[in-house]
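Fold and contact review
Each chain, letter by letter, is given below.
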Amino acid sequence: ETGVTQSPTHLIKTRGQQVTLRCSSQSGHNTVSWYQQALGQGPQFIFQYYREEENGRGNFPPRFSGLQFPNYSSELNVNALELDDSALYLCASSAPGPGTDTQYFGPGTRLTVL
Amino acid sequence: GQQVMQIPQYQHVQEGEDFTTYCNSSTTLSNIQWYKQRPGGHPVFLIQLVKSGEVKKQKRLTFQFGEAKKNSSLHITATQTTDVGTYFCAGRHGGSQGNLIFGKGTKLSVKP
């Protein structure tokens, strides 16, 4: 196990609603990245947080936003949910330093948008 | 946008047969990583390759990074049922600040 935890495990929302997903990073890791994994696809990079600031963003609209807290835990917020937002959302922590490499993934949150 | 292409999408093998998955990028990668995701699980880091032409081995797994740092492969010798899962490559463009781009993965099934 990586020591990265995510909550909740599963979530069902309806179109237009807002959702907040949470992640606790592995001890000693100050960089957290969020990925969206649609069924049968590879993880797609959403954004990365380092020292409480966004440090890199993938091709996702502004309704995807995040936070990182002083204890390095992180939140992913998605506003105005769309059906295509249904996916597994993975949080990954990595060792100190932005852009550093090995990603330690959490178990993910399965989001279903109806 | 930058992409990392991975083939094949699926591979079915008999236990004991070999398996290879290939990863290609149109642009030079600063490094490439490989992950394994078991059914219902999350990606687990296997290895990172950084140097041009690098070859690394982990027991029955052999990883290669191309001379031009645009392609990579993972080869499994004598597959076992425990090898079942989806194997992803993930490449980083643009140095240490680049985003990690995952391929779509190769799903391996092993028939006992």
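This one's a predicted model, so the numbers in the text were calculated from it and none came from an experiment.

Let us now look at the layout of surface pockets. Considered as a void within the structure, the largest pocket measures approximately 650 Å³ in volume. Contributing to the lining of the largest pocket are 25 residues, with Q44(A), Q2(B), Q3(B), I101(B) and F102(B) lying nearest its centre. Every element with two or more residues in the lining of the largest pocket is listed here: strand 5 (44-50) of chain A together with strand 1 (4-7) and strand 10 (100-102) of chain B. Of the residues belonging to the lining of the largest pocket, the class tally is 9 nonpolar, 15 polar and 1 charged. Approximately 480 Å³ is the volume attributed to the second largest pocket. Looking at the second largest pocket, it is lined by 22 residues, and the ones nearest its centre are Q37(A), L39(A), G40(A), Q37(B) and T86(B). Among the secondary structure elements, those contributing two or more residues to the lining of the second largest pocket are strand 9 (85-92) and strand 11 (106-111) of chain B. Of all the elements, strand 9 of chain B adds the most residues to the lining of the second largest pocket, at 3 residues.

Before going further, it helps to examine unusual backbone geometry. A cis amide bond links S7(A) with the next residue in sequence, P8(A), at an omega value of -5 degrees. As for its position among the elements, P8(A) is in the loop between strand 1 (5-7) and strand 2 (10-13). Following I7(B), the chain continues to P8(B) via a peptide bond in cis, the omega torsion being -5 degrees. Considering the arrangement of structural elements, one finds P8(B) in the loop between strand 1 and strand 2 (10-14). In this structure, Y72(A) is a non-glycine residue whose phi angle is positive, near 75 degrees. Inspection of the secondary structure assignment puts Y72(A) in the loop between strand 7 (64-68) and strand 8 (74-78). For Y72(A), a relative accessible area of 32% puts it in the partly exposed group. Positive phi is not limited to glycine here, since A78(B) has a value of about 50 degrees. Tracing the chain through its elements places A78(B) in the loop between strand 8 (71-76) and strand 9. Since its relative accessible area comes to 30%, A78(B) is described here as partly exposed.

So, how was this worked out
Residues numbered from 1 in each chain as written. Chains lettered and ligands numbered in written order. Predicted model: local features only at pLDDT ≥ 70, side-chain atom pairs only at ≥ 80, totals over all residues. Heavy atoms only, no water. 1 Å grid on protein atoms, 1.4 Å probe; cavity = no way out; pocket = protein on both sides within 12 Å on 5 of 7 lines; lining within 4 Å. Points joined across faces, edges and corners; volume = space filled by probe spheres on them. Helix = DSSP H or I, 4+ residues; strand = E, 2+ residues; numbered from the N terminus. Nonpolar A, V, L, I, M, F, W, Y, C, P; charged D, E, K, R; others polar. Buried < 20%, exposed > 50% of the residue type's maximum accessible area, 1.4 Å probe, protein only.

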